[in-house]
Amino acid sequence: MAFDYEKYIRPGKLPHIWCPGCGHGIVMKGMIRAMDTLGLEKNNTAIVSGIGCASRLPGYIDCCTLHTAHGRAAAFATGVKLAKPEMTVILVGGDGDGTAIGGNHFIHACRRNIDMTYIIMNNYIYGMTGGQFSPTTPHMHKASTTPYGNPDPSFDIAKLAIGAGATFVARGTAFHANQIDKLIVEAIQHKGFSVVEILDDCPTTYGRRNKFKSVIEMMNRLKEVAVPVKAAEKMTPEQLAGKVLTGILYKEDKPEYCSEYQKVIERAGGAAR
Amino acid sequence: MENKLPTIEINERYCKGCHICVEFCPKQVLEMKGFVVAVKNLEACIKCMQCELRCPDFAIKVIP
């Protein structure tokens, strides 16, 4: 049956601003399907973003939404969650917003293990500001500020999140559209800070500078590099060279920040919530 | 059981002509007509919903 996406979209907001072939729309659809699966109430769901292409997403979704300063989605979302712990808080953003400008907020939100879900759309570049290289631009790939190739090694967002203390880390791609909503459902259900990295394509500022002839070529690349975690267990390190693991990469149970904070309030003699 | 043909609704106002649905359709049901996508061969449609799933622009609806 055709899925009714309009139910979760603010009337009159479509068509969206993303370029032809941009995977952010696919991720937004996955997110809407996940929200529908979980039956999230619009008034009880907050979607928080920073600045960037991916951060335009909350503008389209008919929930409580917050479009904040560049990189500060995690900071604002922490405030929302502490003030209203019963709310489901979802953060969305890109790789530049999340790991460069908001890198510090990102790692500390991971460390606190506050019950939120961070969906990072990793398109390997700063799309909106004109294609500057981001911390995830692959080594020697081109961007508008690195026309001869980017000499920096790149971040692995999933490993960064695990290292910083996030208790649920998953990765999907815009090509594997069916998997996106399943990962997001698991991430929202997890009590603690969940990071879902979705590998995305940016045909406008990344693809055309890096010899991708079309959107289809970029999508096929995502298909080729992605290896499910279970399949990777049977592969040799040589076979895994240049591949990216997808699926649920890490999960553990640790004390959640809101409940820990409530203990502090009680110890200090404050009112119970 | 009668094999009912699906309805493929294309919102031409939303379609940005990215070719994703045309390329990833396993039965070549869709084609580009100028700037936007159009249905070429509805009889071949197997209702796999891949085009609806992958369209980044909310432009395709498959009603089986």
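Residues numbered from 1 in each chain as written. Chains lettered and ligands numbered in written order. Predicted model: local features only at pLDDT ≥ 70, side-chain atom pairs only at ≥ 80, totals over all residues. Heavy atoms only, no water.

K.L.:
Describe the pattern of salt bridges, listing the residues and the values that go with them.
P.N.:
Throughout the structure, instances matching the rule amount to 12 salt bridges over all chains. Between Lys251(A) and Glu186(A) there is a salt bridge, with the nearest N and O atoms lying 3.8 Å from each other. Within this pair, whereas Lys251(A) is found in strand β10 (residues 244–251), its partner Glu186(A) is found in helix α6 (residues 177–189), the two being separated by 65 residues in sequence. Overall, Glu186(A) belongs to the partly exposed group, its relative accessible area being 32%. Salt-bridge contacts for Asp57(B) lead to Lys16(B); the nearest nitrogen and oxygen are separated by 3.1 Å. Of this pair, Asp57(B) sits in the loop between α2 (50–54) and β4 (60–63) while Lys16(B) sits in the loop between β1 (7–10) and α1 (20–24); the two residues are 41 residues apart in sequence, bridging distant segments of the chain. (Salt bridge = Lys/Arg side-chain N within 4 Å of Asp/Glu carboxyl O. Helix = DSSP H or I, 4+ residues; strand = E, 2+ residues; numbered from the N terminus. Buried < 20%, exposed > 50% of the residue type's maximum accessible area, 1.4 Å probe, protein only.)

K.L.:
Summarise a nonpolar patch on the surface; cite the residues concerned and give the values.
P.N.:
A grouping of Ile17(A), Ile51(A) and Met128(A) is seen on the molecular surface, where their side chains present a nonpolar patch of about 240 Å² in accessible area. The exposure class assigned to Ile51(A) is partly exposed, which follows from its relative accessible area of 33%. (Patch = residues over 30% accessible without salt bridge, like charges linked within 9 Å, V, L, I, M, F, W, Y side chains within 5 Å. Areas by Shrake-Rupley, 256 points an atom, 1.4 Å probe, with all protein chains shown as cover.)

K.L.:
Before we move on, can you summarise the sheet that holds strand β4 (residues 117–122) of chain A with the specific residues and values?
P.N.:
As a general point, the strands of a sheet are linked pairwise by backbone hydrogen bonds and lie either parallel or antiparallel. All names here are of chain A. With mixed pairing, the 8 strands of this open sheet are ordered in space as β2-β1-β3-β4-β8-β7-β10-β9. What marks the edges here is a single partner per strand, and that holds for β2 (64–67) and β9 (226–228). Strand-to-strand twist of the sheet, defined as the mean angle between neighbouring strand axes without regard to direction, takes the value 20 degrees. The pairing of strand β1 (residues 45–49) with strand β3 (residues 88–94) spans 5 bridges and is parallel. Residue pairing in the sheet places Thr-45 in a bridge with Thr-88 of β3. (Pairing = 2+ DSSP bridges. Axes fitted to C-alpha atoms, helices over the stretch in contact; angles between N-to-C directions.)

K.L.:
Requested: an account of helix α10 (residues 257–267) of chain A, with residues and values cited.
P.N.:
One side-chain oxygen of the residue at the start of α10(A) lies 3.2 Å from the amide nitrogen of Cys258(A), identifying that residue as Glu256(A). Phi turns positive one or two residues past the end of α10(A), at Gly269(A), with a value near 85 degrees. (Polar contact = N/O pair within 3.5 Å; in protein donor to acceptor, adjacent residues only side chain to side chain.)

K.L.:
Any chance you could break down the interface of chain A and chain B for me, citing the residues and the numbers?
P.N.:
Across the contact, 29 residues belong to chain A and 20 residues belong to chain B. In total, chain A and chain B occlude about 2100 Å² of area from one another, counting both sides; carbon and sulfur atoms represent 66% of this. On inspection of chain A and its partner chain B, the count reaches 0 salt bridges. Taken together, the links from chain A to chain B amount to 8 residue pairs in polar contact (both at pLDDT 80 or more). Among the elements of the structure, α1 (24–38), α6 and α8 (215–225) of chain A are those that each provide at least two residues to the side of chain A that touches chain B. When residues in the side of chain A that touches chain B are grouped by element, the largest group, 6 residues, is from α1(A). Taken together, the residues that form the side of chain A that touches chain B break down as 20 nonpolar, 5 polar and 4 charged. (Contact = heavy atoms within 4.5 Å. Buried area = accessible area lost by both parts, 1.4 Å probe. Nonpolar A, V, L, I, M, F, W, Y, C, P; charged D, E, K, R; others polar.)

K.L.:
Tell me about unusual backbone geometry, and name the residues and values.
P.N.:
Going from Leu14(A) to Pro15(A), the amide bond is cis rather than trans, its omega being 5 degrees. Residue Tyr124(A) is not a glycine yet carries a positive backbone phi of 70 degrees. At Met49(B), a position not held by glycine, the phi torsion is positive, near 70 degrees. Relative to the helices and strands, Met49(B) is located in the loop between β3 (36–39) and α2. Of the residues examined, Met49(B) reaches a relative accessible area of 19% and is grouped as buried.

K.L.:
Explain the side chain of Thr137(A) to me, using residue names and the numbers behind them.
P.N.:
All names here are of chain A. Within the secondary structure, Thr-137 sits in the loop between β6 (132–133) and α5 (157–164). For Thr-137, a relative accessible area of 0% translates into the label buried. Looking at Thr-137, its side chain comes within polar contact range of the main-chain oxygen of Tyr-124, at 2.7 Å. Here Ser-134 takes part through its backbone nitrogen, which lies 2.8 Å from a polar atom of the side chain of Thr-137. Here Thr-137 is in contact with Tyr-124, Ile-125, Asn-150, Asp-152 and Ser-154, once residues within four sequence places are set aside.

K.L.:
Outline the pairing of β4(A), listing residues and values.
P.N.:
Residues and elements named next belong to chain A. Among the 6 residues in β4, 6 count as buried, and that is most of the element. Two elements, β3 and β4, share 5 bridges in a ladder whose sense is parallel. Paired with Gly-93 across the strands is Ile-120, a residue of β4.

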